Amino acid sequence: MSKMRIYEYAKEHHVTSKEVIDILENIGFTIKSHMSVIEDNAINQLNRKLNKKTVSAGQQAKAEPKKKNTEGTVNQTKTKEKKVTHQTLEKRDRNGNAFKGKTANNSVGENSRNNSGNNNVRSNSGNNNVRNKNGNSKSGNWGNKPSGSNDRSEFGNNPNGGRRKGRRGNNQGRRRGNFSASSREKMEIKLPEKITISGSLTVGQFAEKLGRPSTDIIKKLMVLGVMATKNQDLDKDTIELLAGDYGVRVEEEVIVDEASFEDEGLEIDEKTAVLRPPVVTIMGHVDHGKTTLLDSIRHTKVTAGEAGGITQHIGAYQVVHEGKKITFLDTPGHAAFTTMRARGAEITDITVLVVAADDGVMPQTVEAIHHARAAKVPIIVAVNKIDKPNANPDHVMQELSEQGLVPEDWGGDTIFVKISAKKGIGIDDLLEMILLVAEVNEYKANPEKPARGAVIEAELDKGKGPVATLLVQNGALRIGDAIVVGNTFGRVRAMVNDLGRRVKKATPSTPVEITGLNNVPQAGDQFMVFEDEKKARQIGETRAERALITERKETTSKVSLDDLFEKIKEGEMKEINVVIKADVQGSVEALSGSLKKIDVDGVKINIIHAGVGGISESDIILASASNAIIIGFNVRPDNHAKDVADQEKVDIRLYRVIYDAIDEMEAAMKGMLDPEYKEKVIGQLDVRTTFKVSRIGTIAGCYVTDGLISRDAGIRLVRDGVVIYEGHVDTLKRFKDDAKEVKAGFECGVTLENFNDIKEGDTMEAYVMEEVQPK
Ligand SMILES: Nc1nc2c(ncn2[C@@H]2O[C@H](COP(=O)(O)OP(=O)(O)OP(=O)(O)O)[C@@H](O)[C@H]2O)c(=O)[nH]1
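Conventions used here
Residues numbered from 1 in each chain as written. Predicted model: local features only at pLDDT ≥ 70, side-chain atom pairs only at ≥ 80, totals over all residues. Helix = DSSP H or I, 4+ residues; strand = E, 2+ residues; numbered from the N terminus. Buried ≥ 20, exposed ≤ 12 C-beta atoms within 10 Å, placed from the backbone. Contact = placed C-beta atoms within 7 Å. Core = buried A, V, L, I, M, F, W, Y, C linked by C-beta atoms within 7 Å. Near = placed C-beta within 6 Å. Nonpolar A, V, L, I, M, F, W, Y, C, P; charged D, E, K, R; others polar. Axes fitted to C-alpha atoms, helices over the stretch in contact; angles between N-to-C directions. Parallel < 35°, antiparallel > 145°, perpendicular 65-115°, else oblique. Left-handed = near helix turned anticlockwise from the far one by under 90°. Pairing = 2+ DSSP bridges. Arc of directions from axis to C-beta. pLDDT = per-residue confidence, 0-100.

Colleague: How should I be thinking about the overall build of the protein chain in this particular structure?
Modeller: The secondary structure content of the protein chain amounts to 21 helices and 36 strands. Buried residues in the protein chain amount to 39% of all 775 residues. Within the protein chain, contacts between residues at least 6 apart in sequence are counted, and of these 72% link residues at least 24 apart.

Structure representation (structure tokens):
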């Protein structure tokens, strides 16, 4: 009996795994993935089918569009047609009440005398608003307000009330009689076939579009019981009603805000889409071999294939394996990956998770899994360093299974490849698996479109000016293209690929370094090509202005515990994303478990990452990308993480008692958080030495690195990111004298209340509790 995996069979028979899966599923087999093992029976049936069926039939099945077709466009406007018939207008009396044919005059007479606010309107009436000059929309129905109303802009109601109304009512019959005759007359003068509007128009503007005097429109409105002036606003429905009477179509102009091109998505058009190379990011724990793997792939593939080609570092590179390209982001690590995501760029298709076989799953391995999962990117595991004598790949598989990454051999659906990045073992297998995942997921793009994509890296080069490495995600980028990149703009002056060669065109998934921008964009910024430089400049400038305004306005765009309840109330939040960091695994579990149990109406806590250790930059960036709150239990953010949290406006909540964390979270979710006092860190100190004095205890010889320390300050003693003590200053001295406070740049001696276990290398955080001013 022979056995083989689907992808092996596919390779042998020169068809794609997907085609094989399709055939087998059609026959009635249940197939899990391209890694599934097939046996004689399936193989025989496949052989038969493939002999009968041509490969192209298989491809046809593959070509079935999966996604909805969407027409990509860079046009400024799209039009939506809506026609209002003449009938609509004739079926209305001045009160907006529906009537028919001959009864019209009677109805008008009736209603003009008895303008009683009859709301018996059949259709559309709720929409027939007319706006006053200020754009305020008034009552829904024409003339439906009681006659006593003094609202001037209300159709049919004026300050003179019933008297004038009566008169107008009487005229109405006459006018209506004339109306159709004059209307017919007017029809003979050439009217436009259609007019386009965006929002409302004044009577004057509307008349101009129709090529009619404003008085005609005013008269028409009067016939309908509406006293309007030339400058009065007509809303869309009213315009349609009136235009319909002239037999003119109304098209609504939808203004697409080109300056927010990110909002439009990438718009892949299935009709013209072609497969593009997958974009791969390598992640894993420190020293597990990410850089070695990236180098190994580059050297075996790039330099070997491109004789003499010198790879240069542009932040990404492409390799060719079995005739197919793969793009690797050359910036290993989660921070790079998540920074991109935090800035809205989703460029990674596949994550390769490197785990050293001699070390196993480590905290950053778990973190990487969470990052990839949060971005919904498939993971391929590369078990590295298998050349080492103490390598234990099975142990890695076991540990990763516990994290939900179960190898296919064990019945799961995660691909594991055993490699040695250093010795170049298993690299081809890894590339093959990447191509397989790509094949199954069919990553596509439309190379004929103007380019869209994201910035991988950018810097200011002394000679060349701003230089940016861009990854083309859709369309093709060409020399000379007018481009907006983040809040910068320009024309693509020169374009260099990862081999340092000048290129004229970059197709989807290709990384290129470009020059020609007016400023340096940021990694993760998105770019788009526009029709000309003038347009690009205008859009780039608008974006830069908007960015400045938002930056100024933005105080807390991210979720914070303080405004959590408001967001829940406004329906913005149903799930609260939380990152938990704690000193020991037990606390992580206890906190996760308790937080999950908090039961507040319809709101759920979603723990996107939980781990042991201090709060790092990577945690902050993950929280920022996922709009999460960070909860730290007995841990602190390091200085850099603090800065990033400030920049990214991520709310970090630190606790020493689990119940406090749970209570505060629950209170925030219920809107009962008491924000009266907030901690303010006032200074940082390094413990440089310690003295043990029998009477006094341990005196810490400290250096104030930031801010100041005061005698009445609260103190947190931190060792390796973990809070060891929290309490108060007992004594604070400068040399031999007591000091009230000691500022940054000075040394001091500190003792802590009831605590002596101070060690050289510890840090102290001084804080005070400040009253929060109610907003
Ligand atoms: N024996 C052996 N050593 C390896 C292998 N891959 C990487 N190493 C070694 O492991 C060490 C760390 O490798 P790096 O590639 O720098 O690891 P990294 O994950 O990029 O590390 P960071 O950049 O610090 O996160 C280096 O000394 C490599 O030579 C391997 O397959 N076998």
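So that's the structure; there's more coming.
Colleague: How should I be thinking about the nonpolar core in this particular structure?
Modeller: If you look at the biggest cluster of nonpolar residues, it comprises 94 residues, and the most contacted ones within it are Phe328, Val381, Ala382, Ile434 and Leu470. Ranked by residues supplied to this core, first place goes to helix H15 (residues 427-441) with eight residues. One finds Val579, Val650, Met669 and Ile699 within the second-largest nonpolar core, a separate group that totals 53 residues.

Colleague: Would you mind going over the site of the ligand with me for this structure?
Modeller: Around the ligand, a shell composed of 16 residues is seen, among which Gly289, Lys290, Thr291, Thr292 and Lys422 lie nearest. Tallying contributions element by element places helix H11 (residues 290-305) first for the shell around the ligand, with three residues. Here the residues of the shell around the ligand are counted per class, giving three nonpolar, seven polar and six charged.

Colleague: Is there a simple way to think about the packing of helix H18 (residues 585-597) against helix H21 (residues 658-670) in this case?
Modeller: Between two packed helices, what matters for the description is the angle formed by their axes and the separation of those axes. Between H18 and H21, whose axes approach to 10 Å, the crossing angle comes to 25°. Taken together, H18 and H21 sit at an angle that is classed as roughly parallel. Note that H18 runs across H21; the crossing there is right-handed. Of the residues in H21, those in contact with Ser587, Ala590, Leu591, Ser594 and Leu595 of H18 are Ile658, Ala661, Ile662 and Met665. Looking at side-chain class alone, the contact of H18 with H21 contains seven nonpolar, two polar and no charged residues.

Colleague: Looking at this model, I keep getting lost on the pairing of strand E21 (residues 488-496). Mind explaining?
Modeller: In the case of a regular strand, side chains alternate between the two sheet surfaces. Strand direction decides the pairing type here: strand E20 (residues 482-485) and E21, joined by four bridges, are antiparallel. Bridge pairing in E21 links Val485 to Thr488. From the end of E20 to the start of E21, which pair antiparallel, there are two residues, and Gly486 there has a positive phi angle of about 60°. When E21 meets strand E23 (residues 511-517), the two strands line up antiparallel, connected through four bridges.

Colleague: What exactly am I supposed to notice about the sheet that holds strand E13 (residues 350-356) here?
Modeller: Two pairing modes exist for strands in a sheet, parallel and antiparallel, and in both the strands are linked by backbone hydrogen bonds. Reading across the sheet, the six strands line up as E11-E12-E10-E13-E14-E15 and stay open at both edges, with mixed pairing between neighbours. Across the chains shown, the open sheet's two edge strands, defined by having one partner strand only, are strand E11 (316-321) and strand E15 (415-418). Strand after strand, the sheet turns through a mean of 30° between neighbouring axes, direction not considered. Sheet topology places strand E10 (residues 279-284) next to E13; five bridges connect them, and they run parallel. Counted as the bridge partner of Thr281 is Thr351 from E13.

Colleague: What exactly am I supposed to notice about helix H10 (residues 236-245) here?
Modeller: Think of an α-helix as turning once every 3.6 residues; residues three or four places apart then point the same way. For H10, the tally of buried residues reaches eight of ten residues, placing the bulk of the element in the interior. All buried positions along H10 are accounted for by Thr238, Ile239, Glu240, Leu241, Leu242, Ala243, Gly244 and Asp245. Remark: Gly247 follows H10 within two positions and exhibits a positive phi of approximately 75°.

Colleague: How should helix H14 (residues 393-402) be read in this particular structure?
Modeller: Those residues of H14 that fall on the buried side of the exposure criterion are Pro393, Val396, Met397 and Leu400. The arc enclosing the buried residues of H14, seen along the axis, measures out at 100°, which places them on a common side. More than 90 degrees from the buried face of H14, the exposed residues found are Asp394 and Glu402. Each element contacted by the buried residues of H14 is listed here: E13, strand E14 (379-384) and E15. At the C-terminal side of H14, Gly404 shows a positive phi close to 90°.

Colleague: Can you walk me through the confidence of the model for the protein chain in this structure?
Modeller: Detailed reading of predicted coordinates is not advised where the pLDDT is low. A residue-level look at the protein chain finds 74% of positions with pLDDT of 70 or above and a mean pLDDT of 77. Considering only residues more than four positions removed or in separate chains, one finds that residues 54-181, a stretch of pLDDT under 50, has 215 contacts. Considering only residues more than four positions removed or in separate chains, one finds that residues 303-310, a stretch of pLDDT under 50, has eight contacts. Interface confidence for the predicted complex, expressed as ipTM, amounts to 0.98; the pTM equals 0.52.

Colleague: When you look at the sheet that holds E20 in this model, what are you seeing that I'm missing?
Modeller: Here we have six strands rolled up into a closed barrel, ordered E17-E18-E23-E21-E20-E24, and antiparallel in their pairing. Here the strands of the sheet are splayed against their neighbours by 45° on average, with no regard to which way each runs. Where strand E18 (residues 465-474) and E23 come together, five bridges link them in antiparallel fashion. By the bridge assignment for E23, Ala468 is matched with Ile514.

Colleague: Help me out: how do you make sense of the packing of helix H8 (residues 203-210) against helix H9 (residues 214-223) in this one?
Modeller: Running from N to C, H8 and H9 point in directions that differ by 115°, and their axes come no closer than 8 Å. In this structure, H8 meets H9 at a crossing whose hand is right-handed. Across the interface between the two elements, Val203, Gly204, Phe206 and Ala207 of H8 pack against Ser214, Asp216, Ile217 and Ile218 of H9. Of the residues assigned to the contact of H8 with H9, the class counts are five nonpolar, two polar and one charged.

Colleague: I tried to follow the environment of Val437 on my own but got confused; where do I start?
Modeller: Looking at the element boundaries, Val437 is found in helix H15. Sequence spacing of Val437 and His34 is 403 residues, and the spatial spacing of their C-alpha atoms is 8.7 Å. For Val437, the contacting residues outside a window of four places in its chain are Ile350, Pro378 and Ile380.

Colleague: Hey, could you run me through the environment of Glu747 in this one?
Modeller: Structurally, the position occupied by Glu747 is in strand E35 (residues 747-752). Remark: the alpha-carbon pair of Glu747 and Arg688, spanning 59 residues in sequence, is separated by 9.4 Å. The residues touching Glu747, leaving out its near neighbours within four places in the chain, are Gly701, Cys702 and Tyr703.

Colleague: I tried to follow unusual backbone geometry on my own but got confused; where do I start?
Modeller: When glycine is set aside, most residues are seen to have a negative phi, and most peptide bonds are trans. Located in the positive-phi region is Asn634, a residue other than glycine, with phi close to 60°. Its location among the elements puts Asn634 in the loop between strand E27 (628-633) and helix H20 (639-648). Assessed through the 21 C-beta atoms surrounding it within 10 Å, Asn634 is described here as buried. Look at Asn754: it is not a glycine, yet its phi comes out positive at around 55°. The topology assignment puts Asn754 in the loop between E35 and strand E36 (763-771).

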